[in-house]
Amino acid sequence: MNIDAAYLVPLPVVIPLVTAGLTLALWRVPKLQRLFAVAALALMVVVGATLLVAADSGALVMHLGGWDAPLGISLVVDRLSALMLTVSAFVLLCVLLYSLGQDIADGAAEAPVTIYYPTYLILAAGVSNAFIAGDLFNLYVGFEILLAASYVLLTLGGTGERIRAGAIYVVVALVSSVIFLTGLAVTYAATGTINLAHLAQRLPEIDPGVSLAIQVLLLLAFGIKAAIFPLSAWLPDSYPTAPAPVTAVFAGLLTKVGVYAIMRTQTLLFTETRLDNLLMILALATMILGILGAVAQSDIKRLLSFTLVSHIGYMVFGIALSTRTGMAGAVFYIIHHIMVQTTLFLVVGLIERRGGTTNLDRLGGLAKASPGLAILFFIPAMSLAGIPPLSGFLGKLGLLQAGVQFDEPLTWVLVAGAIVTSLLTLYAVVKAWNKAFWQAPTIELPQERLPRTMVFPTGMMLVAVLGLTFVAGPVYGYATRAADELMDPSVYITNVLGGTS
Amino acid sequence: MIDTAPSIVLVIAVGAFVISGVYLMLERSLTRILLGFILLGNGVNLMFLIAAGRAGNAPLIGNGEESGWTDPLPQAMVLTAIVITLGLVGFVGAMAYRSWQLNGHDEVQDDLEDRRIARLAAKNAPAVFDVDTDTSDATPLDDQAAGVRDETEDDSEEETESRNGHGVDDAQRGGDQR
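What counts and how
Residues numbered from 1 in each chain as written. Chains lettered and ligands numbered in written order. Predicted model: local features only at pLDDT ≥ 70, side-chain atom pairs only at ≥ 80, totals over all residues. Heavy atoms only, no water. 1 Å grid on protein atoms, 1.4 Å probe; cavity = no way out; pocket = protein on both sides within 12 Å on 5 of 7 lines; lining within 4 Å. Points joined across faces, edges and corners; volume = space filled by probe spheres on them. Helix = DSSP H or I, 4+ residues; strand = E, 2+ residues; numbered from the N terminus. Nonpolar A, V, L, I, M, F, W, Y, C, P; charged D, E, K, R; others polar. Axes fitted to C-alpha atoms, helices over the stretch in contact; angles between N-to-C directions. Parallel < 35°, antiparallel > 145°, perpendicular 65-115°, else oblique. Left-handed = near helix turned anticlockwise from the far one by under 90°. Contact = heavy atoms within 4.5 Å. Buried area = accessible area lost by both parts, 1.4 Å probe. Salt bridge = Lys/Arg side-chain N within 4 Å of Asp/Glu carboxyl O. Polar contact = N/O pair within 3.5 Å; in protein donor to acceptor, adjacent residues only side chain to side chain. Phe/Tyr/Trp six-rings, centres within 6.5 Å; stacked < 30°, edge-to-face > 60°. Buried < 20%, exposed > 50% of the residue type's maximum accessible area, 1.4 Å probe, protein only. Lys NZ or Arg CZ within 6 Å of the ring centre and 35° of its normal. Expected span 1.5 Å × (residues − 1). Core = buried A, V, L, I, M, F, W, Y, C linked by side-chain atoms within 4.5 Å. Pairing = 2+ DSSP bridges. Patch = residues over 30% accessible without salt bridge, like charges linked within 9 Å, V, L, I, M, F, W, Y side chains within 5 Å. Areas by Shrake-Rupley, 256 points an atom, 1.4 Å probe, with all protein chains shown as cover.

Draft legend 1. Structural detail: empty space enclosed by the protein. All names here are of chain A. Enumeration according to the criterion identifies 5 cavities of 30 Å³ or more in this entry. Space inside the largest cavity adds up to approximately 110 Å³. Lining the largest cavity are 13 residues, with L147, Y169, I224, K225 and W234 sitting closest to its centre. Secondary structure elements with two or more residues in the lining of the largest cavity: α6 (136-154), α7 (160-191), α9 (208-226) and α11 (244-268). Ranked by residues supplied to the lining of the largest cavity, first place goes to α7 with 4 residues. Of the residues assigned to the lining of the largest cavity, the class counts are 11 nonpolar, 1 polar and 1 charged.

Draft legend 2. Highlighting the packing of α11(A) against helix α13 (residues 300-321) of chain A. Residues and elements named next belong to chain A. Between α11 and α13, whose axes approach to 11 Å, the crossing angle comes to 20°. Taken together, α11 and α13 sit at an angle that is classed as roughly parallel. In the crossing of α11 with α13, the sense of the turn from one axis to the other is right-handed. Together, A251, T255, K256, V259, I262, M263 and Q266 of α11 and L308, I312, M315 and I319 of α13 make up the contact between the two elements.

Draft legend 3. Structural detail: the interface of chain B and chain A. Counting residues at the interface gives 38 residues for chain B, matched by 43 residues for chain A. When the two sides are added together, the surface that chain B and chain A hide from each other amounts to roughly 3,500 Å², 73% of it contributed by carbon and sulfur. The interface formed by chain B and chain A contains 0 salt bridges. Across the contact surface, chain B and chain A share 1 residue pair in polar contact (both at pLDDT 80 or more).

Draft legend 4. A look at the packing of aromatic side chains. Evaluated as defined, the whole model comprises 23 aromatic pairs over all chains. Plain terms: the ring middles of A:F332 and A:Y476 are 4.9 Å apart, the flat faces sit at 35° to each other, and that makes the pair tilted. In this pair, A:F332 is assigned in helix α14 (residues 324-355) and A:Y476 in helix α20 (residues 472-487), connecting sequence segments 144 residues apart. The exposure class of A:Y476 is partly exposed, given its relative accessible area of 21%. Each ring, one from B:Y97 and one from B:W100, has its centre 6.0 Å from the other, and the planes form 25°; the classification is stacked. Note that B:Y97 and B:W100 are positioned in helix α3 (residues 72-103) at a spacing of 3 residues, about one turn of the helix. Residue B:W100 is classed as partly exposed on the basis of its relative accessible area of 49%. Three or more aromatic residues joined by ring pairs make a cluster, and in this case those are A:Y151, A:Y169, A:W234, A:Y239, A:F250 and B:F91. Its guanidinium or amino end placed over the ring of A:F143, A:K225 lies 4.4 Å from that ring's centre, counting from NZ or CZ. The positively charged end of A:K396 is found above the aromatic ring belonging to A:Y314, 5.2 Å away from the centroid.

Draft legend 5. Quick peek at the layout of surface pockets. Residue and element names in this part refer to chain A. For the second largest pocket, the calculated volume is near 520 Å³. What lines the second largest pocket is a set of 21 residues, and nearest its centre among them are I168, S232, A233, W234 and D237. Among the secondary structure elements, those contributing two or more residues to the lining of the second largest pocket are α7, α10 (234-238), α12 (276-296) and α13. Residue composition of the lining of the second largest pocket, by class: 14 nonpolar, 3 polar and 4 charged.

Draft legend 6. A look at α9(A). Residue and element names in this part refer to chain A. Helix length check: α9 (19 residues) gives 26 Å between terminal C-alpha atoms against 27 Å at 1.5 Å per residue, within 8%. Of the residues making up α9, those classed as buried are S211, I214, Q215, L218, L219, A221, F222, G223, I224, K225 and A226. Here the buried face of α9 lies against α6, α7, α10, α11, α12 and α13.

Draft legend 7. The arrangement of the nonpolar core in detail. In this structure, A:F180 and A:F377 are the most contacted members of the largest nonpolar core, which totals 218 residues. Looking at this core element by element, the count peaks at 18 residues for α14(A).

Draft legend 8. Layout of the environment of A:I163. Here A:I163 is to be found in helix α7. Along the sequence, A:I163 and A:T241 sit 78 residues apart, while their C-alpha atoms lie 9.4 Å from each other. Sequence-distant contacts of A:I163, that is, excluding residues within four places in its chain, are made with A:G158, B:M95, B:R98, B:S99 and B:L102.

Draft legend 9. Structural context of the pairing of strand β2 (residues 74-77) of chain A. Residues and elements named next belong to chain A. Burial along β2 is two-sided: the face carrying S74 and V76 and the face carrying L75 and V77 are both buried. As paired strands, strand β1 (residues 60-63) and β2 are joined by 4 bridges and run antiparallel to one another. The residue bridging M62 from the neighbouring strand is L75, located in β2.

Draft legend 10. Representation of α6(A) within the structure. Taking 1.5 Å per residue as the helical rise, α6(A) with its 19 residues ought to reach 27 Å, and the 26 Å between its terminal C-alpha atoms agrees with that figure. Of all 19 residues in α6(A), 16 are buried, a share of seventy percent or more.

Draft legend 11. Seen up close, a nonpolar patch on the surface. All names here are of chain B. There is a patch of nonpolar side chains on the surface, built from I8, V9, V11 and I12 and spanning about 390 Å² of accessible area. Topologically, I12 is positioned in helix α1 (residues 8-25). Note on I12: relative accessible area 54%, which makes it exposed.

Draft legend 12. Spatial organisation of the pattern of salt bridges. Residue and element names in this part refer to chain A. Enumeration over the complete set of coordinates arrives at 9 salt bridges over all chains. Across the pair D78 and R264 runs a salt bridge, and its minimum N-O distance is 2.8 Å. Of this pair, D78 sits in the loop between β2 and α4 (79-105) while R264 is found in helix α11, placing the two residues 186 residues apart along the sequence. When its relative accessible area of 3% is taken as the criterion, D78 is described as buried. By relative accessible area, R264 is classed as buried at 5%. In this structure, a network of salt bridges that share partners links the residues D56, R79, R481 and E485.

Draft legend 13. Structural detail: the environment of A:Y478. All names here are of chain A. Here Y478 lies in helix α20. When the C-alpha atoms of Y478 and V331 are compared, they prove to be 9.4 Å apart, with 147 residues separating the residues in sequence. Among residues more than four places away in sequence, those in contact with Y478 are L52, A55, D56, R79, A82 and L83.

Draft legend 14. Focus on unusual backbone geometry. Residue and element names in this part refer to chain A. The peptide bond linking P388 to P389 adopts the cis configuration, its omega dihedral lying at 5°. When you line up the elements, P389 lands in the loop between α16 (371-385) and α17 (391-406). If you check the backbone angles, S322 has positive phi at about 50° while not being a glycine. Note that S322 resides in the loop between α13 and α14. Backbone geometry places D407, a non-glycine residue, at a positive phi of 55°. In this fold, D407 is placed in the loop between α17 and α18 (409-438).

Below is the structure:
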C-alpha cells in the first residue's frame, strides 16, 4: 500500500507540467486547452486526496531515479505536505473555473490570452514542487517555477499599471531568490549537503555561528515570499493590479508557500537555535501594522491585501511558539486562510463586475442590487474576522490557546495583539461591507446579472469555507498529527535516509 | 578527503560581483537593476564553486583516484541556477522594454495609491467619506480640523479645498437618501 502510494508523489508536479506543454501546443484550440487544464487540476485534487489518506499512515518518500537520499533528489510527502497539496489543488481548480467563467461571460472564450492556461498550470507545478521538495535546492527550483509563472500572470496584458506594479514585484522577488541562492551556497559549503533530512543531522554539528547565518539567510528569503512585516511592503502594492482570479490565487497560495518553507526549516533544521523571540516580535508587528494598513485603505482590493499581510502574522505566531499545539494551530490557520482569502478576492472580482469599481467611495447599494453577492462576501469576511462558529474563529482560538498555554510575558503580548488584530479586521471588513453593500449607490449600477459561470466557482469556494467549519474536528485532528510529525524531526530523517521504499 | 580551502581569486571575484551587483540594484532604472541582478547572480554562482572546494579531475569513473575528483553536485546546482537566471533576465529585459514603450523611461515608480493614503494620513483626514463623517455644515469634521491645523501651511490649501468639495457631494447624497 505504502510503496504503491509513493509512486503518486511526483504526480502533482508532473501532471500540470505535462498539461502546460500540451495546452501551449494546443493554442489554436481554446476548447481543448480549457478541457485539459480543468482535467489536469481535477486530477491533481484526486491525487492530493489520495496522498492525504496515504500520508496519514506514514510519510511517503520517492527517491527519483533510484538514487538514495543524500545523493539523489528525494520527494517527500508527509501529512503537512499532503494537506497543503490537496488544499492548493482545490483552490487552483476553483480559480481556474472562475477565470474560465470570466472568459465565457466576456465572450473571450474563443480568443483567450493564449499563454494564460499554460502559465497557470506551471504556477500549479511550482507550488506543488515546493510542497513536496525533500531538499533545499528542489525547494528553490519550486520557488523559481512559481515565481516565474507569477511574473507572467501579474503583468498579463502589459498595461501601464501592471508593468509598474510588476516591476516592483519582480525586483523584490529577484532579490529574495538571490538571497535564497546565497543561503544554499553557504549551506553546501558548510555542510556538504542540501538534503533536508541530511542537513537536519549535520547542521547541529557545525559552528553555531554559521548555522545561525544560514538560518537568517533562509528566513530572509522566505520572509520576503511570505510577506512578514519589514519585508511585506511589496505585497499590497502589486497584488491588486492583477486580474481578479490571478490576485485570488496569489493571495491564497504564494505567501503560504513561504510560510510552509519557514515552518519546514524551523522545525526540521533549526531545532536548537530557533530565533523564536525574534519571530514572535515580527509576528506581532506583521499583525498590527498590517491591519492598521487595511483600516486606512479605501480600495477593497488593497484593503484585503493588507489583511492578507496581517494574518500571515498569526501563522508566524504559531510557528514561533514551537509547541505542538502552536504548530497545529498554525497548520489549521494556513488551510483556513488559503480558502478564505481566495474566496474574498474572487468575490471582489464579482463586486468589481457588478459595481463597476473596487473603490469604496464609489461603490454602494450592492446589497439591494445583488443579495446573493452580499452573502458571498459576508460569510468569508466574517470568517476572516474570526466570528464564531466559522473556521477563522476556530483557527484563532487554537492559536490563542497555544499562546496562553506557553505562558510567558511575550506570548501574552502576542495573544493580546492577536485579539486586537482580529477586532480591527472585523472593523475593516465591516467598513468595506457598509460602503459597498449598504451605502446609497453613488452611480447608476449597470443592470447586468452576474454570470453564473463566475458565481458557481465562487460558490464552490464558499461551500468549502463553510465545510471547513463543519469538518473542523477531523481537519484539526489531522493538523495536530501533522504537527506531531513536524515536532519530531527524527521521524522525517529516518523516513528519508533510512526509508525502505 | 576533498580539500575545501577556497581559492582567493574566487573569493575576491565573488566580493567584486556582489558589491557592484548590490550597488546597481539600488538604482531606479530597470535596466540597471537588471545588470545588477546579473552581476549578483553570477557572484552567487561563483560562491557555489567555492563551496565545491578545490578544483580537481572530472568526476568520471576511471578518471584517476576518487579523492582527486571535483565535487560535481555544486556544478549541477550552478547550471540550474544559471538557466533560471537567464530566463529571468529575459523577462526583466522585456519588462524594461515595455515600460520604456509605455512611459518613455524604465524607472520603477512609486505606488500612487500609497502616496494618496499617506497624504490623507498626514492631514488626519478620513480614508473613506461617509454620511457619518459629515457634519451639519456639510464639511467632514476631520477635514475641518485638518483645515484649521493646516492654515499655516500654504502648500496644502489646494488639497484641502478639493477634499471639502468631495465632502459636499457626499453630504448631498446622504441627504437625498434620507
